[in-house]
Amino acid sequence: MNYQFKTILSIFCLFNIYLVCMGQNTTAWNNEKEIKYLENREDSTTWNQELLTRDLDRNRETKSEPITYGAFPVPKYELLGQNSFKGIGSGGNLIQGIKTNGKTLLYSYFLVNSNTLNEQYLGNKENEIFFVIVVLTDFVDSVNFTHAGVQIISRNNPDYIGQGFFKTKKDQIDYVAFLTAFREEFAIINMRLFNLKYGRTILIAPQTDGSVRSKQIKGPVLTESEVDEYIRTLLKQDSIKNFFTTEGNI
């Protein structure tokens, strides 16, 4: 076996190892699993009856906004494998807000914890923030808290979706955002569509004439422990200050 042939053989072996590794890194979720999951949605023997009862009870007591939260039967989460779901969450600053040049900014975010289906993308991160919205407002109800709301649900597991709203004196900003097991991620804000692959942070500035301005920010993958400081740092940038304080904003 000559040297040239050995070299070619070595490259070929390395390439095959690379393909195998790439295959392993992309099989956490695939079309076959997606189809089985969709079948389970319609198979009553796979449903989690406890979750369905809980959702029915919740819907009798509360109303979600902007989209009604339906009590759909869902497959047992453990059917996707051990540790395939380890929790979701939402947060933000919905009450006190952040003051910028006399303007009030509120924000909220959605997150999903690291699990066996997303850990290849998260590395050592314990969770990931998949959507942040920062809204300029002129209305905060610090008594009844009717000015804002946020909600995230896991009933589409391994896909995750959240929704919420911010009220101004004359208008309302509604939003929905989702992240799928295939890493598709989008948000809808007052019927404007945002592809979150081009930035998971969305800034919203309602205008005095009734229109709305938006700005999409592409940054690092954030964890819950990092997001608050990230937003405060972001709001110190001159371009961001100008976006929220320019003439025509509420």
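Going by the structure above, here's the rest.
Being a predicted model, the structure only gives us computed values, none of them experimental.

### Remarks on the overall build of the chain
Move 1: From N to C terminus, the chain includes six helices and 10 strands.
Move 2: Residue burial in the chain is summarised as follows: out of 250 residues, 41% are buried.
Move 3: Looking at the chain alone, contacts between residues at least 24 apart form 56% of all its contacts between residues at least 6 apart.
Move 4: Of the roughly 14400 Å² of accessible surface on the chain, a fraction of 54% belongs to carbon and sulfur atoms.

### Notes on the sheet that holds strand β6 (residues 172-179)
Move 1: Taken in spatial order, the five strands make up an open sheet running β4-β5-β6-β7-β8, and their pairing is antiparallel. Of all the strands in the sheet, the pair left with one neighbour each is β4 (148-153) and β8 (192-195). With strand direction ignored, the average angle separating the axes of adjacent strands in the sheet is 15 degrees.
Move 2: Pairing of strand β5 (residues 160-167) with β6, which is carried by eight bridges, proceeds in the antiparallel orientation. Directly across from F165, in β6, lies its bridge partner D174.

### Things to note about unusual backbone geometry
Move 1: The omega angle of the peptide bond from E65 to P66 is 0 degrees, so this bond is cis rather than trans.
Move 2: Tracing the backbone through its elements, the reader meets P66 in the loop between α3 (49-61) and β1 (88-100).
Move 3: A cis geometry characterises the amide bond from N157 onward to P158, with omega recorded as 20 degrees.
Move 4: In this structure, P158 sits in the loop between β4 and β5.
Move 5: Positive phi values are uncommon outside glycine, yet N101 reaches one of about 50 degrees.
Move 6: A relative accessible area of 66% places N101 in the exposed class.
Move 7: Positive phi, normally seen in glycine, also occurs at M191, with a value near 70 degrees.
Move 8: Mapped onto the elements of the fold, M191 is located in the loop between β7 (185-189) and β8.

### Examining a negative patch on the surface
Move 1: On the surface, a cluster of negative charge is contributed by E126, E224, D228 and E229.
Move 2: Within the secondary structure, E126 is located in the loop between α4 (119-122) and β3 (127-137).

### Let's talk about the nonpolar core
Move 1: Judged by nonpolar contacts, the single largest core of 22 residues is most densely connected at F130, F131, I133, F166 and I189.
Move 2: Elements supplying a minimum of two residues to this core: β2 (103-113), β3, β4, β5, β6, β7 and β9 (201-206).
Move 3: When near neighbours in sequence (up to four residues on either side) are disregarded, I189 contacts F131, I133, I173, D174, Y175, F194, I202 and I204.
Move 4: Among the nonpolar cores identified, the runner-up in size contains 21 residues, and Y107, I217, L222 and L234 belong to it.

### A closer look at the pairing of β4
On a regular strand, each side chain points to the face opposite its neighbour's, so the side chains alternate between the two faces of the sheet.
Move 1: Summarising the sheet, β4 and β5 pair through six bridges and their orientation is antiparallel. Of the residues in β5, the one forming a bridge with I152 is G162.
Move 2: In this antiparallel pair of consecutive strands, β4 and β5, the connection spans six residues.

### Section: the side chain of T180
Move 1: Along the chain, the position of T180 falls in the loop between β6 and β7.
Move 2: A relative accessible area of 11% places T180 in the buried class.
Move 3: Those residues within four positions of T180 in sequence are excluded, and the remaining contacts are P158 and D159.

### Points about the environment of S44
Move 1: Checked against the element boundaries, S44 lands in the loop between α2 (31-41) and α3.
Move 2: For S44 and P73, which are 29 residues apart along the polypeptide, the C-alpha to C-alpha distance reads 8.0 Å.

### Thoughts on α2
Move 1: Those residues of α2 that sit buried are E34, Y37 and N40. Seen from one end, α2 has its buried residues packed into an arc of 120 degrees, which puts them on one side. Exposed residues on α2 whose side chains face more than 90 degrees from its buried face are N31, E32 and I35.

Cut-offs used in this document
Residues numbered from 1 in each chain as written. Predicted model: local features only at pLDDT ≥ 70, side-chain atom pairs only at ≥ 80, totals over all residues. Heavy atoms only, no water. Helix = DSSP H or I, 4+ residues; strand = E, 2+ residues; numbered from the N terminus. Buried < 20%, exposed > 50% of the residue type's maximum accessible area, 1.4 Å probe, protein only. Contact = heavy atoms within 4.5 Å. Areas by Shrake-Rupley, 256 points an atom, 1.4 Å probe, with all protein chains shown as cover. Pairing = 2+ DSSP bridges. Axes fitted to C-alpha atoms, helices over the stretch in contact; angles between N-to-C directions. Patch = residues over 30% accessible without salt bridge, like charges linked within 9 Å, V, L, I, M, F, W, Y side chains within 5 Å. Salt bridge = Lys/Arg side-chain N within 4 Å of Asp/Glu carboxyl O. Lys, Arg positive; Asp, Glu negative; His and termini not counted. Charge placed at Lys NZ, Arg CZ, Asp CG, Glu CD. Core = buried A, V, L, I, M, F, W, Y, C linked by side-chain atoms within 4.5 Å. Arc of directions from axis to C-beta.

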